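Spelled out, the chains give:
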Amino acid sequence: MPAKILIIDDEEKLRNLLGRIVKLEGYEVKEARDVKEGLQLLAKEVIDVVLCDVKLPDGNGVSLAEKIKTDYPHIEIILLTAYGNIPDGVQAIKNGAFDYITKGDDNKKILPLLAKACEKALKSKPLHISDANLNIGSFEQILGKSAQIKKAIALAKKVASTDTSVFLSGETGTGKEIFANAIHHASDRKKQNFIAINCAAFSKELLESELFGHKAGAFTGAQKDKKGLFEEANNGTIFLDEVGELHLDLQAKLLRILESGELIKIGDSKITKVDVRIISATNRDLQQEVKNGNFREDIYYRLSVFIIHLPPLRERKEDIAELANSFLNTFTVRAKKQIKSFDTQTLNALGNHHWNGNIRELKNTIERAVILTDSNLVTLDELPPNFNTQQQKELSDFELASAEKKHIEKVLKHTKNNKTETARLLNIALTTLYRKLEEYQLR
């Protein structure tokens, strides 16, 4: 998604003009006329950069910068003033502003400065922050007319209005987080936070702190109290992706939340109460993990009260063209190109592909194609090499890849399919392991 910019200025013509200029650069723009309206937008939108006038009818941009950085540390603020002065500029930077520039004199600086601020904001933006009250989370954003995806959407809509725990099953890349977001936005909790976290992306210790929080001094580096994601999601929804990777110790803490809505932060002795709806997902067979002793049976049954299976893309091939065209439009606008469509051969190739990586793989393939395309049509030349056959190729026993596949299988068996531990033993990144699992069709 493009970076989202909030422009706060009481001069409507200047605000609208700046908004149009920023939109032409591919950013999404929101506008506010004063401090009050700006703070209201910040409370319900996930903003990356604020462009703010210093003098506003109900406040001062320099003071506002301090409040924004306190409440939303990842947001960068660029202050604009008609009458720049050194003391204000110094105080603005002290209050956390990214920069302080003068209107008119520094107009040429705004767009390059905005690009730098966006880059910094997106790098520092916490991975779990998700758009909480946007149309992007609605069911209308889920594309496809196949019977399988229609069935999944119908089930999700029925359960959305309840507080029932939902379990989303399906392969990697089938759109589980998009479904979780849509369920949240169709629920009574839609005005509260939706927070998503990938349980496979953290070590046990770090994940415990992220989920449940800690007290200052609880461990080395814990310099101040930290709210956990369950507390951040209070009265809202938390999406636990790859919940099958959760360590048994953390499963016990999760069970307590499921049973009583209580948690204890690391290093704390008192109970914190939370009211959170839990949506979880994994591409692992949790029933088999229960049999193997890797996942608690009591938690499995509490998480899987309502199961929705998301079909792999190869089982809903009639949706591929619609998805591909949607991604093409998105990346074409972002790349500022004039690509109109795919040629017939390319559409056929996309439809016949196996798509082990599902929608995520399709999205990445289209993004690559847009970068390579110099005409108004995407052709086979812009698809990855050996696109039609690479997924079906049988590995010879003499190929190095065959040995790699067998070694990964051996380590997975040794770790009882614990992917985090497998990646550690193989000394590779977890994302690299998932890519190889898809490449070798290992589940």
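Keep in mind it's a predicted model, so treat the numbers as computed, not measured.

Cut-offs and rules
Residues numbered from 1 in each chain as written. Predicted model: local features only at pLDDT ≥ 70, side-chain atom pairs only at ≥ 80, totals over all residues. Heavy atoms only, no water. Helix = DSSP H or I, 4+ residues; strand = E, 2+ residues; numbered from the N terminus. Rg over C-alpha atoms; globule rule 2.2 N^0.38 Å. Buried < 20%, exposed > 50% of the residue type's maximum accessible area, 1.4 Å probe, protein only. Areas by Shrake-Rupley, 256 points an atom, 1.4 Å probe, with all protein chains shown as cover. Lys, Arg positive; Asp, Glu negative; His and termini not counted. Charge placed at Lys NZ, Arg CZ, Asp CG, Glu CD. Disulfide = S-S within 2.5 Å. Pairing = 2+ DSSP bridges. Axes fitted to C-alpha atoms, helices over the stretch in contact; angles between N-to-C directions. Phe/Tyr/Trp six-rings, centres within 6.5 Å; stacked < 30°, edge-to-face > 60°. Core = buried A, V, L, I, M, F, W, Y, C linked by side-chain atoms within 4.5 Å. Contact = heavy atoms within 4.5 Å. Expected span 1.5 Å × (residues − 1). Salt bridge = Lys/Arg side-chain N within 4 Å of Asp/Glu carboxyl O.

Visitor: Explain the overall build of the chain residue by residue, including any values.
Guide: When helices and strands are counted, the chain shows 18 helices and 18 strands. Rg of the C-alpha trace for the chain: 24 Å, near the compact-globule value of 22 Å for 443 residues, within the 12% margin. Viewed in the frame of its principal axes, the chain has a C-alpha envelope of about 70 × 65 × 45 Å. For the chain, with 443 residues in total, the buried portion stands at 49%. Total accessible area computed for the chain in this model is approximately 22,700 Å², and 50% of it derives from carbon and sulfur atoms. Side-chain charges of the chain comprise 65 positive and 63 negative groups, with the mean position of each set lying 1 Å from the other.

Visitor: Mind laying out the state of the cysteines, listing which residues take part and the relevant values?
Guide: The tally for this structure, following the rule as stated, stands at zero disulfides. You can see Cys-52 has no disulfide; the closest cysteine sulfur is in Cys-118, sitting 16 Å from it. Residue classification places Cys-52 among the buried positions, given a relative accessible area of 1%. For Cys-118, a relative accessible area of 4% puts it in the buried group.

Visitor: Account for the pairing of strand β3 (residues 49–53), naming residues and giving values.
Guide: The element β3 is extensively covered by neighbouring structure, given that five of its five residues are classed as buried. Burial along β3 is two-sided: the residues Val-49, Leu-51 and Asp-53 and Val-50 and Cys-52 are all buried. Pairing of strand β1 (residues 4–8) with β3, which is carried by four bridges, proceeds in the parallel orientation. Bridge assignment links Ile-5 to a residue of β3, and that residue is Val-49. Where β3 lies against strand β6 (residues 76–81), five bridges are found, and the strand directions are parallel. Residue pairing in the sheet places Asp-53 in a bridge with Leu-80 of β6.

Visitor: Can you explain the sheet that holds strand β15 (residues 277–282)? Please cite residues and give values.
Guide: Read from one edge to the other, the open sheet built from five strands follows the order β9-β12-β15-β8-β16, with strand pairing classed as parallel. What marks the edges here is a single partner per strand, and that holds for β9 (194–198) and β16 (306–309). Across the sheet, the mean angle from the axis of one strand to that of its neighbour is 20°, orientation sign disregarded. Here strand β8 (residues 166–169) runs beside β16; their pairing, made up of four bridges, is parallel. Among the inter-strand pairings, Phe-167 is bridged to a residue of β16, identified as Ile-307.

Visitor: Hey, could you go over the packing of aromatic side chains for me, with residue numbers and the actual values?
Guide: Within this structure, the stated rule accounts for two aromatic pairs. A centroid spacing of 5.7 Å and a plane angle of 10° characterise the contact between Phe-212 and Phe-230, whose relative ring orientation is stacked. With Phe-212 in helix α8 (residues 204–212) and Phe-230 in helix α9 (residues 229–232), this pair connects stretches of sequence that are 18 residues apart. Judged by its relative accessible area of 1%, Phe-212 falls in the buried class. Aromatic pair Tyr-300 and Tyr-301: ring centres 5.2 Å apart, planes at 65°, arrangement edge-to-face. Judged by relative accessible area, Tyr-300 falls into the buried class, the value being 8%.

Visitor: Which residues make up the nonpolar core, and what are the values?
Guide: Most often, soluble globular proteins keep nonpolar side chains buried together rather than apart. Leu-211, Phe-230, Ile-238 and Leu-240 are the most contacted members of the largest nonpolar core, which has 29 residues in total. If one sorts the elements of this core by residue count, helix α10 (residues 248–260) sits on top with four residues. Discounting residues that sit within four places of it in the chain, Phe-230 has contacts with Leu-211, Phe-212, Ile-238, Leu-240, Leu-254, Ile-257, Leu-263, Val-274, Val-276 and Ile-278.

Visitor: Quick rundown of helix α16 (residues 400–414)? Include the residues and the values.
Guide: In this model, α16 (15 residues) spans 21 Å end to end at C-alpha, consistent with the 21 Å of a helix rising 1.5 Å per residue. Taken together, the buried positions of α16 are occupied by Ser-402, Ile-408, Val-411 and Leu-412. Where α16 ends, the next residue or the one after it, Lys-416, has phi of about 55°, a positive value.

Visitor: Explain the sheet that holds β1 to me, using residue names and the numbers behind them.
Guide: Here five strands make up an open sheet; going across it, the order is β2-β1-β3-β6-β7 and the pairing parallel. A single partner strand is all that each edge strand has here, and the edge strands are β2 (28–32) and β7 (99–102). Neighbouring strand axes in the sheet, compared pairwise and without regard to direction, differ in orientation by 20° on average. With five bridges joining them, β1 and β2 adopt parallel strand pairing.

Visitor: Give a detailed account of the pattern of salt bridges, specifying residues and quantitative values.
Guide: One pass over the full model with this rule turns up 26 salt bridges. We note a salt bridge from Glu-76 to Lys-69, for which the minimum N-O separation is 3.6 Å. By the burial criterion, Glu-76 is buried, and Lys-69 matches it. One salt bridge connects Arg-256 with Glu-262, and the closest N-O pair in it is separated by 3.3 Å. One connected set of salt bridges, linked through shared partners, spans Lys-4, Glu-28, Lys-30 and Glu-45.

Visitor: An account of the environment of Ser-341 is needed here, citing residue identities and associated values.
Guide: By the secondary structure assignment, Ser-341 is in strand β17 (residues 341–342). For the pair Ser-341 and Leu-155, spaced 186 residues apart in sequence, the C-alpha separation works out to 33 Å. Those residues in contact with Ser-341 that sit more than four places away from it in its chain are Asn-325, Leu-328, Asn-376, Leu-377 and Val-378.

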